[in-house]
Amino acid sequence: MSKKYDAIIIGCGSNGIAAAIRLQQKGLKTAIFEQAAVPGGATKTKELTLPGFKHDVGSAIMPLGLASPFFRNLPLQQYGLEWVFPEVAYAHPFDDGTAYACYKDIQATAAQLGEDQDAYLNLINPLLENWDKLNEDLLGPLGIPDHPLQFMKFGLKALPSAKMIADKYFKNEKTKMFFYGSAAHSTLPLNTLISASFGLVLTTSAHKYNWPFPKGGAGNFFDALVQHYKSLGGEIYCDQLVNDIRDLPNAYSYLFDLTPKQLLKIKGLNFNSLYRKRLEAYKYGAGVFKMDWALSEPIPFTSEKCRKAATIHLGFSQKEIEESEKGIHDKKMTDTPYVLVAQHTPFDSTRAPEGKHTAWAYIHVPNGDTTDYTEIIENQIERAAPGFKDTILERSAMNTVALEQFDPNLVGGDINGGRQDITQLFTRPVAKISPYATPDPRVYICSSSTPPGGGVHGMCGFHAAQKALKDHFSELL
Ligand SMILES: Cc1cc2nc3c(=O)[nH]c(=O)nc-3n(C[C@H](O)[C@H](O)[C@H](O)COP(=O)(O)OP(=O)(O)OC[C@H]3O[C@@H](n4cnc5c(N)ncnc54)[C@H](O)[C@@H]3O)c2cc1C
């Protein structure tokens, strides 16, 4: 029996649209059904504070968007995407007013680190030199790596906790904090196995690509994806909350850009009880408390290195960062949390009225937490940038509930579609030869709840689409 579509994608986040583009590239007829009024998922830009101030509601800095083996081969520049590369990929200020900068140039970065210089090069350089091989395996589905030797060497450094790697390689506390800054993106306590891997991958990506962001807002990156998809003949239907697969048009395959908790609520799926139980056991990670500001001037960071970076990691001692990230999991938040700050306007004046600026930040919090951390976050920024509070024209704060209302995939404020620890990073949502397939032969999962996990790289969507192609349209592969 002929079907109206070859494939339907439910949810138009970066993974949903990546899946849809991949299938459309292969000549299939596809459509995306999205519950929100506009596509983008957690990749959207909005005037959250004052008119003319454009804020990235979710993702803001996109090294993986540029590094993605799938996205980087799409003609997104044709649709207006322009990458902005700040001089410093990320910076980490210290209480004494100094800072370390992560430059694209690894030698210049290491040169700041005094007696830790050689250790930094020994840790990161082998990964940088083999990045092209590693990238394919790291952003690929679980399986036998294409480059087993490089992957094994990476694994030996990546498997331990960030604390073990920092203490093993570095002598100075400042270097350890610098490494923690990127390792803490894992949203895991820093003494947890595999937390080092996030620091290693993100640091290496900074030396390979810098940490760029899209000019004008993260939403411009998504608009380019939408325009490209439509140019291939794809269709997007917004304001379409999908509750029952039987309400959707007939198709050979359905790819859900949803996390397990949401998928379990969809009616009409032929999942057996064992699979349902395994999805129910899926663990979500910490949430985030997110802030945006309209500012009268750039954040007045004491250190010039911070003024030259779009991403700033705040955490003023090794102990403070460790306790902050551990506290989330013990539900004991500290008053001095690790803060991730992004500032776009010093490098992209299109995001605010003339002479004005924006800033973006979040901290990790317990999943589902509703506490207001505004003052705590602003105090932390003030430590590195005295006078920051005087520059605030307006602020927006989103707790975990507001984030989930904005995008239902942010379950309890979890921005990675599920906890990314050793039990779930490679085998999400369940341990299975293809985690994208489900017991219902029509149904696939393509969200960040599948490998390689969170971030705007589209590779979960790409691999889910490849699996659907293999199962239903193998002649096209
Ligand atoms: C505050 C914050 C900061 C972040 N910072 C960064 C960053 O700087 N860099 C980075 O790379 N990543 C960042 N991320 C993570 C990144 O945004 C996510 O990993 C990415 O968006 C995951 O894409 P996705 O397609 O899997 O899911 P999503 O982007 O969440 O998209 C899922 C889509 O499905 C839709 N949907 C859900 N249920 C239904 C339904 N029943 N019917 C129809 N549609 C439905 C949703 O509305 C949504 O549009 C951040 C996220 C947040 C929230």
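Only a predicted model underlies this, so the values are computations on that prediction, with no experimental measurement involved. Residue numbers here run from 1 along each chain, matching the order of that chain's written sequence. Side-chain atom pairs in this predicted model are given and counted only at pLDDT of 80 or more, local residue features only at pLDDT of at least 70, and totals for whole chains, interfaces and linings cover all residues. Excluded from the side-chain calculation are hydrogens and water; included are all heavy atoms of the structure.

1. Description of the sheet that holds strand β15 (residues 392-398)
Under the convention used in this document: Two strands make a pair as long as DSSP finds a minimum of two bridges between them. Helix and strand labels come from DSSP, where a helix needs a run of H or I of at least four residues and a strand needs a run of E of at least two; each type is numbered from the N terminus. Fitting a line to C-alpha atoms yields each axis, with helices limited to the stretch in contact; the angle taken between N-to-C directions then spans 0 to 180 degrees.
Spatially, β7-β6-β12-β13-β14-β11-β15 is the arrangement adopted by the seven strands of the open sheet, whose pairing is mixed. The open sheet has two edge strands with one neighbour each: β7 (99-102) and β15. Shown here is a sheet whose adjacent strand axes are inclined to one another by a mean of 20°, direction ignored. With three bridges joining them, strand β6 (residues 88-93) and strand β12 (residues 309-314) adopt parallel strand pairing.

2. Some thoughts on the packing of helix α7 (residues 162-169) against helix α8 (residues 173-183)
The relative placement of two packed helices is expressed as an angle between their axes plus a distance between the axes. What counts here: When an angle is under 35 degrees it counts as roughly parallel; over 145 it counts as roughly antiparallel; between 65 and 115 it counts as roughly perpendicular; any other value is oblique. When the near helix sits turned anticlockwise from the far one by under a right angle, the crossing is termed left-handed; a clockwise turn instead gives a right-handed crossing. Two residues qualify as a contact provided that any one of their heavy atoms is within 4.5 Å of a heavy atom in the partner residue. Only Asp, Glu, Lys and Arg are considered charged in this grouping, and only Ala, Val, Leu, Ile, Met, Phe, Trp, Tyr, Cys and Pro are considered nonpolar; every other residue, Gly among them, is considered polar.
Contact pair α7 / α8: the axes reach a minimum separation of 10 Å and the direction vectors enclose 155°. Here α7 is positioned roughly antiparallel relative to α8, judged by the angle of their axes. Read as a crossing pair, α7 and α8 show a hand that is right-handed. Residues A162, K163, I165, A166 and D167 of α7 form the contact with α8, whose own contacting residues are K176, F179, Y180 and A183. Here the residues of the contact of α7 with α8 sort into six nonpolar, no polar and three charged.

3. Points about the pattern of salt bridges
Inclusion rule: A side-chain nitrogen of Lys or Arg and a carboxyl oxygen of Asp or Glu constitute a salt bridge if their distance falls within 4 Å. The rule is simple: take the accessible area with a 1.4 Å probe, protein chains only, and divide by the maximum for that residue type; under 20% is buried, over 50% is exposed, in between is partly exposed.
Summed over all chains, the structure comprises 22 salt bridges. Salt-bridge contacts for K174 lead to D96; the nearest nitrogen and oxygen are separated by 2.8 Å. Placement of the pair is K174 in helix α8 and D96 in the loop between β6 and β7, with a sequence separation of 78 residues. Owing to a relative accessible area of 25%, K174 belongs among the partly exposed residues under this scheme. A salt bridge links K467 to D471; its shortest N-O distance comes to 3.1 Å. Highlighted residues: K467 and D471, both in helix α17 (residues 459-472), separated by four residues, approximately one helical turn. What makes D471 partly exposed here is its relative accessible area of 39%. Salt bridges sharing partners connect three or more residues here, namely K163, D167, K176 and E322.

4. With respect to the pairing of strand β13 (residues 339-342)
Here β13 shows no split at all, with V339 and V341 on one side and L340 and A342 on the other all buried. Bridge analysis of β12 against β13 gives four bridges, and the strand direction is antiparallel. Bridging from a neighbouring strand, H313 pairs with L340 of β13. Both β13 and strand β14 (residues 357-365) contribute to a ladder of four bridges, which runs antiparallel.

5. Notes on the nonpolar core
Put simply, the rule is: By convention a nonpolar core is built from buried Ala, Val, Leu, Ile, Met, Phe, Trp, Tyr and Cys residues, the set being connected through side-chain atoms within 4.5 Å. Domain boundaries shown here were taken from an automatic or database domain assignment.
Ranked by size, the top nonpolar core spans 97 residues in total, and within it I17, Y120, F179, F221, L225 and L255 carry the most contacts. Here this core gathers at least three residues from each of two domains, domain 1 (5-43 + 62-82 + 214-282 + 411-476) and domain 2 (123-209). Residues in contact with I17, not counting those within four places in the same chain, are C12, I32, F222, L225, V226, Y229 and I236. In terms of nonpolar packing, the next biggest core, distinct from the first, is built from 29 residues, F289, A385, F388 and I392 among them.

6. Comments concerning the site of the ligand
Going by this rule: Residues are counted as near a molecule or strand when any one of their heavy atoms sits within 4 Å of it. For the purposes of these results, a polar contact is taken to be a pair of N or O atoms within 3.5 Å, where, inside protein, one atom must be able to donate a hydrogen and its partner to accept one; residues adjacent in sequence count only when each atom of the pair is a side-chain atom. All accessibility values rest on the Shrake-Rupley procedure with a 1.4 Å probe; residue burial counts only the protein chains present in the view.
E34, Q35, D257, D407 and G455 are the nearest of the 36 residues found near the ligand. Between the ligand and I61, the relevant distance is 2.8 Å, taken from a nitrogen atom to a main-chain nitrogen or oxygen of the residue. At a separation of 2.7 Å, an oxygen atom of the ligand approaches a polar backbone atom of G455. Computed on the free molecule, the ligand has an accessible area of 1,000 Å², of which 95% lies beneath the protein chains in the complex. Put simply, the parts of the chain that give the shell around the ligand at least two residues each are α1 (14-25) and β14.

7. Notes on the domain arrangement of the protein
Applicable threshold: The term buried area refers to how much accessible surface (probe radius 1.4 Å) is lost by two components on association, counted for both of them together.
As far as domains go, the protein holds domain 1 (5-43 + 62-82 + 214-282 + 411-476) and domain 2 (123-209). The centre of domain 1, based on its C-alpha atoms, is set 26 Å off from the matching centre of domain 2. Counting the surface lost from both domain 1 and domain 2, the interface buries some 1,700 Å², and carbon and sulfur atoms represent 71% of this. Considering only the surface of domain 1 that becomes buried against domain 2, Q420, I422 and F426 emerge as the three largest contributors, covering 25% of it. Applying the counting criterion to the domain 1 and domain 2 interface returns zero salt bridges. Joining domain 1 to domain 2, the criterion identifies one residue pair in polar contact (both at pLDDT 80 or more).

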